[in-house]
Amino acid sequence: MKHNKNTQKNDSRLDRRGFLKSSSAIAGSAVALGSLSIERGAFAQSSDTIKVALVGCGGRGSGAANQALSTAGDVKLVAMADAFKDRMDGSLKGLQKNHGLKADVKEENKFIGFDAYKKAISMADMVILATPPGFRPIHFAEAIKQGKNVFMEKPVAVDGKGVRQVLAAAAEAKKKNLKVGVGLQRHHQLGYQEVIKRIQDGAIGDIVSMRCYWNSGGVWDPRRTREQCKGEMEYQMRNWYYYNWLCGDHIVEQHIHNLDVCNWIHGEHPVKAVGMGGRQVRTGLDHGEIFDHHAVEFEYADGTRMFSQCRHIEGCWSSVSEHVEGTLGRATVSSGIIETFGARGRGARNGSSAMKTPTPTRWSMTSSSTPFARTIPTTRPATEPKAR
């Protein structure tokens, strides 16, 4: 396993023109925005204003836009796109309440429909892509084609074709010196950074195996019935989490966080996977087609195994965590704990010692955006790892 050393250069300020020429990175997490000083209560758009378009006005898109407008920089939301007007209206109402004129989107800049994303993207310097992930590859490709900097939510695709499309667009982004952020926020959480650095520096010896979990009671129930929708397409899009063409199943949409941590630790992607899954509880038509449990054994090229579980069933053991076994110790990554074995070896409790790193905060979305946000108005590249 390779041990990576991250370095960090000093910031140097740029104006909007510099922002548009900034160097590229495929990021681990963040809202890609600048930190130019501005009085929050006296917004006035200028030539140096960073213009943001929001594509996908649901909860996560609205949250990302809120984070964007909360930065100290000269930032304005100028365009919005969504398949449903009610979702856009609700999102804009909340953003205007929090940010006033910084979220004053003109009526002619609100776009509804399947092709709305193209129009919104054309009006911005930086685009937030937060629709259901089944649409992410075509939206990302269009944003890069138009030469825009991008923050996109995870996952970036739901199938092999989509992944290849995203990788091709990412290569184009690098050629164009565009910046790209992906919503894998653990890369910006101090606890994760510290414990993974220690693992990669050899604190627990060579990695023998890893385990990761996202076992919980599940997410939101279907939001609308078929009777409340105009047709099957609207029904599935309103309840997108339960349809694989939109969501990729919760092993992709949610458990990606834990799988990504294990890949980050190992430094490579698995080359083989054997697994199983099914529907034990969520069996009705109202819950679409996704499974409610998965178990997968991944294998890396060097023979290391990673054991993965994710489950959406209430009343069972719950865990959202990552664990690493090494030749000299073990780590509970999500809790920031590293335990090393003493002279008596593995299993000898009185011969071991433990150290605690800063505990990772599971939902520190706003604070995790800061490192990448600072790179946008500067000449230094973002330090996040390449997209997974």
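Below: a short report on this structure. (Residues numbered from 1 in each chain as written. Predicted model: local features only at pLDDT ≥ 70, side-chain atom pairs only at ≥ 80, totals over all residues. Heavy atoms only, no water.)

## A few points about the pairing of strand β2 (residues 50–55)
Along any regular strand the residues' side chains alternate between the sheet's two faces.
Part 1 of the argument: Taking burial as the measure, the six residues of β2 include five buried ones, the bulk of the element.
Part 2 of the argument: Pairing analysis gives six bridges linking β2 to strand β3 (residues 75–82), with the strands arranged parallel. Note on β3: the bridge partner recorded for Leu54 is Met80.
Part 3 of the argument: Crossover β2 to β3 through helix α2 (residues 59–69) is right-handed.
Part 4 of the argument: As paired elements, β2 and strand β5 (residues 126–129) share four bridges and run parallel to each other. In the strand pairing of β5, Val55 is matched with Leu129. (Buried < 20%, exposed > 50% of the residue type's maximum accessible area, 1.4 Å probe, protein only. Helix = DSSP H or I, 4+ residues; strand = E, 2+ residues; numbered from the N terminus. Pairing = 2+ DSSP bridges. Right-handed = clockwise from strand over helix to strand, strands pointing away.)

## Looking at the nonpolar core
Part 1 of the argument: In this structure, Val55, Phe140, Ile144, Val150 and Met152 are the most contacted members of the largest nonpolar core, which totals 28 residues.
Part 2 of the argument: Elements represented by at least two residues in this core include exactly β2, β3, α4 (116–121), β5, α5 (136–145), β6 (149–152), α6 (160–175) and β7 (179–182).
Part 3 of the argument: Judged by nonpolar contacts, the second largest core, of 25 residues, contains Val195, Met210, Ile251 and Val261. (Core = buried A, V, L, I, M, F, W, Y, C linked by side-chain atoms within 4.5 Å.)

## Comments concerning the packing of α5 against α6
Part 1 of the argument: Closest axis-to-axis distance for the α5/α6 pair is 9 Å, and the angle between their directions is 15 degrees. Considering the angle they form, α5 stands roughly parallel to α6. The interaxial crossing formed by α5 with α6 has left-handed handedness. Residues Pro137, Ile138, Phe140, Ala141 and Ile144 of α5 form the contact with α6, whose participating residues are Gly162, Gln165, Val166, Ala169, Ala170, Glu172 and Ala173.
Part 2 of the argument: Of the residues in the contact of α5 with α6, the class split is nine nonpolar, two polar and one charged. (Axes fitted to C-alpha atoms, helices over the stretch in contact; angles between N-to-C directions. Parallel < 35°, antiparallel > 145°, perpendicular 65-115°, else oblique. Left-handed = near helix turned anticlockwise from the far one by under 90°. Contact = heavy atoms within 4.5 Å. Nonpolar A, V, L, I, M, F, W, Y, C, P; charged D, E, K, R; others polar.)

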